[in-house]
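Listed here are the chains, written in short residue letters.
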Amino acid sequence: MGAAAGGWQAYPTLSTLAGQPGARPDALDRRRLLHGLSLDHGRVNYITTVVRLRAPGMGYFQMPLSVWGIWLTAILNALFVPVLAAGVLLLFLDRTFGSHFFVAGMAVTKGGGDPILYQHLFWIFGTRRSTS
């Protein structure tokens, strides 16, 4: 099984230790977290540049449309990428340290764990991406 055997969404239970053993899914989760961190730096850079370093006398309504588009995308990323990062981090904790955020059946037996939680966290990001 490769890194994406659990699907590009990495849904639990397909991506848990029972569904996909090995170190490759953990490496994929780490790469996703690093990618989210790089998005953090990029969006902070772009938002700050547009707000603080516009040409003297240029208002927001005088900016080119392409700048508006990238700036609003950076703002939306500032709102939604942390939600996806939280889901990936919780999945990584499930796989690495044995926590029970997304383990199916834990809600009945021990009062925790729901694979649908990951889907909610993932599709908040995914739905925003498909509509923009």
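Before reading on, note that the structure itself is shown above.
As the structure is a computational prediction, the values presented were derived from the model and not from experiment. For every chain, the first residue of the written sequence is number 1, and numbering continues from 1 along that sequence. Under the rules for a predicted model, residues below a pLDDT of 70 receive no local features and side-chain atom pairs below 80 are neither given nor counted, while totals for whole chains, interfaces and linings still include all residues. As a convention, hydrogens and water are excluded, and side-chain values are obtained from all of the structure's heavy atoms.

**As for the overall build of the protein**
As a reminder of what qualifies: Think of it this way: any DSSP run of H or I at least four residues long counts as a helix, any run of E at least two long counts as a strand, and we number them from the N terminus. The rule is simple: take the accessible area with a 1.4 Å probe, protein chains only, and divide by the maximum for that residue type; under 20% is buried, over 50% is exposed, in between is partly exposed. Residues are treated as being in contact if the distance between any of their heavy atoms lies within 4.5 Å.
Within the protein, the regular secondary structure consists of 4 helices and 0 strands. For the protein, the α and β elements follow one another from N to C terminus as α-α-α-α. Taking all 132 residues of the protein together, 29% fall into the buried category. In the protein, of all internal contacts separated by at least 6 residues, the share reaching a separation of at least 24 is 55%.

**So, the packing of aromatic side chains**
Using the following cut-off: Centre distance within 6.5 Å is the pairing criterion for rings of Phe, Tyr and Trp, where only the six-membered ring of Trp is used; planes under 30 degrees apart are then read as stacked, over 60 as edge-to-face, and the remainder as tilted. Geometrically, a charge over a ring is one whose NZ (Lys) or CZ (Arg) sits within 6 Å of the ring centre while staying within 35 degrees of the ring normal.
This model, assessed by the stated rule, comprises 3 aromatic pairs. Aromatic pair W68 and W71: ring centres 5.3 Å apart, planes at 70 degrees, arrangement edge-to-face. Of this pair, W68 and W71 are both found in helix α2 (residues 65-97), 3 residues apart, which corresponds to roughly one turn of the helix. By relative accessible area, which is 11% here, W71 ends up buried. An aromatic cluster is defined as three or more aromatic residues linked by ring pairs; in this entry it consists of Y60, F61, W68 and W71. The lysine or arginine in question, R54, covers the ring of Y60, its NZ or CZ lying 4.0 Å from the ring centre.

**Some points on the nonpolar core**
We apply this condition: Definition used in this section: a nonpolar core is a set of buried Ala, Val, Leu, Ile, Met, Phe, Trp, Tyr and Cys residues joined via side-chain atoms within 4.5 Å.
Of all hydrophobic cores here, the largest spans 9 residues; its members are A10, L84, V88, L90, L91, F102, Y118, L121 and F122. Those elements that place two or more of their residues in this core are α2 and α4 (115-131). Sequence-distant contacts of L121, defined by excluding residues within four places in its chain, comprise V83, L84, G87 and L90.

**Here we look at the side chain of D94**
Inclusion rule: Counted as a polar contact is a pair of N or O atoms within 3.5 Å, where, for protein atoms, one must be capable of donating a hydrogen and the other of accepting one, and residues adjacent in sequence contribute only when both atoms are in side chains.
In this structure, D94 sits in helix α2. Here the side chain of D94 touches S99 through a polar contact of 2.7 Å, side chain to side chain. Residues in contact with D94, not counting those within four places in the same chain, are S99, H100, F101, F102 and V103.

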